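Read off the chains here:
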Amino acid sequence: MLDTSEDLPLIHRDLNWLSFNERVLQEAEDKINPLYERIRFLAIFSSNLDEYFRVRVSQLRQIKRVEKSIRKKLDLKPSKITKQIIEEVKKQQDKFGNIYYKQIIPELAEHGINIIDFHHFNEPQKKFISEYFKQNIETHLTPRLIDLKKENELFLENSVLYFIVTFIDKNELGVVNLPVEICGRFINLENVGEAVYLTYLDEVLRSELAYVFPGKEITGIYEVKLSRDAELYIEDKYTGELAEKIYESLAQRTDGQPTRLLYDSEMPYEVQKKVRKLLGLGKIDMMPGGRYHNFKDFFSFPDPTNNPDLHYEKLSPIKHKVLEISKDYFKTITEKDQSVHFPYMSFKYVENFLEQAVSDKNVTDIKISLYRVADESKLTTCLLQALENGKKVTVFVEAKARFDEENNIIWGRKFEEKGANVIYSYPRIKVHSKVMLVSRLENGGTTNYAYIGTGNFNSETSKIYCDHAIFTANKNITKELSRLFKVLEGDLIIPREKNLLISPFSTRQHFSKLIYNEIENSREGKKAKITAKMNSLEDPELIELLYKASQAGVEIRLLVRGFTCLIPGVKGLSENIYITSIVDRFLEHGRIYVFENSGDELIFFGSADWMTRNLDRRIEVLAPIFDKDIAREFKEILEIQLNDNVKARIQDEEESNTYIKAKKGEKEIRSQYEIYNYLKKKHKI
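Note that the structure is a prediction, hence the values are computed from the model and not measured.

Colleague: Just give me the short version of the pattern of salt bridges, but keep the residues and values in it.
Modeller: Note on pairing: side chains with opposite charge can pair once their charged atoms come close. Per the counting criterion, the structure on display carries 43 salt bridges. Linking Glu588 and Lys533 is a salt bridge whose minimum nitrogen-to-oxygen distance equals 2.9 Å. Of this pair, Glu588 sits in strand E24 (residues 587-588) while Lys533 sits in strand E21 (residues 529-534), placing them 55 residues apart in sequence. The buried category is assigned to Glu588, whose relative accessible area is 4%.

Colleague: Talk me through the sheet that holds strand E3 (residues 113-115); I want residue IDs and the actual numbers.
Modeller: Judged by pairing direction, the sheet is mixed, and its three strands sit side by side in the order E3-E8-E7 without closing on themselves. The sheet terminates laterally at E3 and strand E7 (186-188), the two strands that pair on one side only. Going from strand to strand, the sheet's axes swing by 30 degrees on average, the running direction of each strand aside. Note that E3 and strand E8 (residues 196-200) share three bridges and pair parallel. For Asn114, the partnering residue across the bridge sits in E8 and is Tyr197. The sheet strands contacting helix H7 (residues 201-212) are E7 and E8, and the helix crosses E8 at an angle near 70 degrees.

Colleague: I'd love a proper account of unusual backbone geometry, names of residues and values included.
Modeller: In this model, Phe342 is joined to Pro343 through a cis peptide bond whose omega is 0 degrees. Along the chain, the position of Pro343 falls in the loop between strand E12 (338-342) and helix H11 (348-359). Across the junction of Ser503 and Pro504, the peptide omega takes the value 5 degrees, indicating a cis bond.

Colleague: Lay out the confidence of the model for the protein in plain terms, naming residues and giving numbers.
Modeller: Per-residue confidence for the protein gives a mean pLDDT of 90, with 89% of residues at or over 70. Taken as a whole, residues 232-243 scores under 50 in pLDDT and shows 29 contacts with residues more than four places along the chain or in a different chain. Scored below 50 in pLDDT, residues 249-255 makes 14 contacts in the model with residues more than four places away or belonging to other chains.

Colleague: Any details on the sheet that holds strand E10 (residues 258-264)? Residues and values, ideally.
Modeller: Taken in spatial order, the six strands line up as E4-E6-E5-E9-E10-E11 in an open sheet, and their pairing is mixed. Each end of this open sheet is capped by a strand with a single partner; those strands are strand E4 (144-147) and strand E11 (286-289). Averaged over neighbouring strand pairs, the angle between their axes works out to 30 degrees when direction is ignored. Summarising the sheet, strand E9 (residues 218-228) and E10 pair through five bridges and their orientation is antiparallel. Paired with Val224 across the bridge in E10 is Tyr263. Strand contacts of H7: strand E5 (161-167), strand E6 (172-177) and E9, with the helix running at about 125 degrees to E9, the strand carrying the most contacts.

Colleague: Got a sec to walk through the side chain of Glu620? Specific residues and values, please.
Modeller: Residue placement: Glu620 occurs in strand E27 (residues 618-624). No salt bridge is formed by the buried Glu620; its nearest oppositely charged neighbour, Arg618, is found at 4.3 Å. Of note is the side chain of Glu620, whose polar atom sits 2.9 Å from the side chain of His432. Apart from residues no more than four positions distant in its own chain, Glu620 is found in contact with His432, Ser433, Leu501, Ile502, Ser503, Ser607, Ala608 and Asn614.

Colleague: So what about the nonpolar core? Which residues, and what values?
Modeller: Counting residues in each nonpolar core, the largest one holds 82 residues, and the members touching the most others are Phe511, Leu558 and Trp610. Ranked by the residues each element gives to this core, the list is headed by helix H2 (residues 35-64), at twelve residues. Counting 49 residues, the second largest nonpolar core, distinct from the first, contains Ala420, Cys466, Ile640 and Tyr678.

Colleague: Explain the packing of helix H5 (residues 123-137) against H7 residue by residue, including any values.
Modeller: Packing of H5 against H7 brings their axes to within 10 Å, and their N-to-C directions diverge by 85 degrees. In terms of their interaxial angle, H5 and H7 are classed as roughly perpendicular. Only Leu201, Val204, Leu205, Ser207, Glu208 and Val212 of H7 make contact with H5, whose side of the interface consists of Ile129, Ser130, Phe133 and Ile137.

Colleague: Can you tell me about empty space enclosed by the protein, naming the residues and giving the values?
Modeller: Under the defined criterion, the tally for this structure stands at five cavities of 30 Å³ or more. Quantified by volume, the largest cavity comes out at close to 90 Å³. As for the largest cavity, its lining consists of Asp337, Ile452, Ile470, Thr472, Ile477, Phe605, Ala623, Pro624, Ile625, Phe626, Asp627 and Ile630. Those elements that place two or more of their residues in the lining of the largest cavity are strand E19 (465-472) and E27. Partitioned by chemical class, the residues of the lining of the largest cavity number nine nonpolar, one polar and two charged.

Colleague: Hey, could you go over the pairing of E27 for me, with residue numbers and the actual values?
Modeller: For E27, the buried fraction is high: seven of the seven residues fall into the buried class. In the sheet, strand E16 (residues 430-431) pairs with E27 via two bridges, with the strands oriented parallel. Each bridged residue has a counterpart across the sheet, and for Val431 the counterpart in E27 is Ile619. Sheet topology note: the strand E20 (residues 501-503)/E27 ladder contains three bridges and is antiparallel. Residue pairing across strands places Ile502 opposite Val621, the latter belonging to E27. The pairing of strand E26 (residues 602-606) with E27 spans three bridges and is antiparallel. By the bridge assignment for E27, Phe605 is matched with Ala623.

Colleague: Just give me the short version of the pairing of strand E25 (residues 592-595), but keep the residues and values in it.
Modeller: Residues of E25 alternate between two faces, with Ile592 and Val594 on one and Tyr593 and Phe595 on the opposite face, all of them buried. Here E21 pairs with E25 via four bridges, running antiparallel. Opposite Ile530, over in E25, you have Phe595 as the bridge partner. Bridge count for E25 against E26 is four bridges, and the pairing is antiparallel. If you follow Tyr593 over to E26, its bridge partner there is Phe604. Connecting E25 to the antiparallel partner E26 that follows it, the hairpin turn spans six residues, and Asn597 within it adopts a positive phi of roughly 50 degrees.

Colleague: Describe the packing of aromatic side chains, and please don't skip the residues or the numbers.
Modeller: Within this structure, the stated rule accounts for 32 aromatic pairs. Ring geometry for Trp411 against Phe415: centres 5.7 Å apart, planes inclined by 40 degrees, an arrangement best described as tilted. Placement of the pair is Trp411 and Phe415 together in helix H13 (residues 405-417), with a separation of four residues, close to one helical turn. Accessibility classification places Trp411 together with Phe415 in one group, the buried group. Among the aromatic residues, those joined into a cluster by ring pairs are Tyr36, Phe45, Phe96, Tyr100, Tyr101, Phe186, Tyr200, Tyr292, Phe295, Phe298 and Phe301.

Colleague: Mind laying out the environment of Lys296, listing which residues take part and the relevant values?
Modeller: Following the sequence through the fold, Lys296 ends up in the loop between E11 and helix H10 (329-335). When residues no more than four places from it in sequence are discounted, the contact partners of Lys296 are Ala43, Ser46, Ser47, Asp50 and Ser159.

Colleague: Could you give an account of the environment of Asp627, with specific residues and numbers?
Modeller: Along the chain, the position of Asp627 falls in the loop between E27 and helix H18 (628-642). Distance in space between the C-alpha atoms of Asp627 and Lys336 is 8.0 Å, their sequence separation being 291 residues. Discounting residues that sit within four places of it in the chain, Asp627 has contacts with Lys336 and Asp337. Polar side-chain contacts of Asp627 include one of 2.8 Å to the side chain of Lys336. At 2.9 Å, the side chain of Asp627 forms a polar contact with the backbone nitrogen of Asp629.

Rules behind the numbers
Residues numbered from 1 in each chain as written. Predicted model: local features only at pLDDT ≥ 70, side-chain atom pairs only at ≥ 80, totals over all residues. Heavy atoms only, no water. Salt bridge = Lys/Arg side-chain N within 4 Å of Asp/Glu carboxyl O. Helix = DSSP H or I, 4+ residues; strand = E, 2+ residues; numbered from the N terminus. Buried < 20%, exposed > 50% of the residue type's maximum accessible area, 1.4 Å probe, protein only. Pairing = 2+ DSSP bridges. Axes fitted to C-alpha atoms, helices over the stretch in contact; angles between N-to-C directions. Contact = heavy atoms within 4.5 Å. pLDDT = per-residue confidence, 0-100. Lys, Arg positive; Asp, Glu negative; His and termini not counted. Polar contact = N/O pair within 3.5 Å; in protein donor to acceptor, adjacent residues only side chain to side chain. Core = buried A, V, L, I, M, F, W, Y, C linked by side-chain atoms within 4.5 Å. Parallel < 35°, antiparallel > 145°, perpendicular 65-115°, else oblique. 1 Å grid on protein atoms, 1.4 Å probe; cavity = no way out; pocket = protein on both sides within 12 Å on 5 of 7 lines; lining within 4 Å. Points joined across faces, edges and corners; volume = space filled by probe spheres on them. Nonpolar A, V, L, I, M, F, W, Y, C, P; charged D, E, K, R; others polar. Phe/Tyr/Trp six-rings, centres within 6.5 Å; stacked < 30°, edge-to-face > 60°.

Next up, the structure:
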């Protein structure tokens with residue numbers, strides 16, 4: 001859908017996000033991927049969609065409650081967008097069902113793995129299930145019988161599976177939870193010969209439901225799942241007085257408002273009406289589905305055969321040819337900047353750097369920004385040990401990292417208790433930068449060492465997220481990063497940076513200036529080009545500048561993993577803009593920006609996408625790459641991705657998600673594997 005508000009042609013972000021999730025679904029269908037990895041992509045698709053309804057659709061629903069005059073001023077049309085979302089989601093869920101039932105289930109059977117429902121249990125399996133139910137499941141059920149003559153409300157927890165049960169007596173409904181968190185979703189049944197049989201927890205409960213509602217004649221069993229909204233996050237473009245009016249308008253809302261009921265499409269319409277009334281839902285909130293919901297549980301789908309052919313081949317982490325043998329990271333980094341790339345390399349290099357800082361008697365200060373704090377890890381242990389060793393530790397903890405708020409605050413308190421200076425995020429400002437600064441006494445003075453990355457300080461996500469980082473002692477970088485931490489600590493108002501791009505202080509202005517520079521160069525007949533890789537592209541001002549650059553003849557090549565609001569390839573508007581997206585084994589998460597600059601290329605990398613929130617409403621850090629060897633390395637990695645012809649899709653006006661395929665005689669380039677091989681060759685010890 002095109003959004004031409006304020007005469008700027010845009011694709012609506014929430015609709016284009018669905019185009020991204022369709023690319024995830026394509027991976028579940030792509031037989032290049034091993035069978036269990038395709039199952040994992042179904043789980044990712046389902047998990048993504050759950051969060052989307054909790055956050056994005058929730059916001060549209062809540063905005064609908066805003067005073068009409070305010071909605072008009074903001075050019076908001078939540079009802080229209082929500083209807084389009086529902087239509088597209090239904091199409092995708094139909095495709096999901098086809099992939100699961102017509103591809104995944106038969107292929108599992110070919111490998112001797114059979115998923116069966118309770119109708120197909122043989123006698124030994126029925127006996128096993130009956131005992132299993134009594135011993136492992138029954139005590140965790142909370143069944144409820146609803147008298148529809150007397151009761152008019154029903155509360156269902158967010159994302160929990162339930163059965164709605166109908167009886168001969170139409171004035172009663174049964175509701176019972178499926179205790180997946182405690183019991184797991186999949187049950188191993190007794191094998192028959194070499195064949196393996198699995199069933200859902202759902203099927204075990206279906207087969208034993210008569211014991212849950214004794215004396216009741218059951219006529220129907222229908223699985224449902226309710227999605228409730230997350231905390232409301234007003235979009236960053238709604239600031240100042242308008243934002244205040246929105247918040248005031250929604251001040252009385254109840255947290256956890258229902259946003260979607262996914263129900264078995266076999267549920268009779270009369271039962272749907274009863275359930276909808278009990279939950280206080282509108283027709284648009286009802287989403288028909290299949291027999292099973294919560295396919296994110298397939299993250300833990302068992303492989304009883306332990307067949308390696310059904311999974312990705314293991315890729316051993318590449319040993320960094322310098323850091324792997326370095327006994328003194330400070331000496332190594334002083335001599336030359338060092339780059340690391342995840343998940344191709346191990347996160348241990350970050351942990352080793354911090355570990356050396358903790359044990360080094362000359363290190364005085366460690367400062368770090370943590371956006372999503374992992375559960376207890378080597379990094380958190382090192383920070384606590386640094387405090388034990390008498391170092392000054394400053395930790396900036398993001399208290400509003402969506403869905404990680406509680407864990408972040410818990411860790412913030414742990415650091416505080418041990419004596420760290422813990423600073424929490426400012427009102428409506430998130431700290432999204434991934435930076436660390438270590439101060440060390442050297443030669444009668446203090447030398448600062450910096451780590452700047454595109455990914456979180458998280459050893460687990462570093463195994464599946466594609467990110468880039470640089471260790472540096474370059475004073476042009478470390479001096480400005482030190483000033484940023486002073487801003488975060490409240491000692492400075494602005495960081496006064498000349499080299500770093502720091503949001504919300506200079507990133508927008510700097511990027512705008514760089515784009516205008518390419519426009520001027522193109523008009524003067526010079527080569528002009530912008531190449532950029534990011535997660536999402538949404539900021540209207542930068543999109544308008546990119547349109548102008550395209551119209552001025554600037555070649556613009558973008559790699560956008562998630563959603564984009566820019567419409568590429570439109571004659572007279574964006575014909576010089578070409579966008580592709582890569583979805584593959586690992587999640588593309590890095591941000592790299594390259595500007596031709598009359599032959600003297602400028603390359604930046606860091607934490608910020610071209611989104612309004614990253615430019616204006618978050619603390620973000622992007623750094624220029626001064627080291628020529630590393631600049632070449634980043635550019636070569638980016639070039640590999642731009643030439644992907646196996647997992648890259650074209651992002652166009654039609655949102656077609658067409659795969660780019662190698663031409664006859666052309667080498668196939670699956671970029672994530674090509675990058676692994678490139679780095680392996682480069683770092684051969």
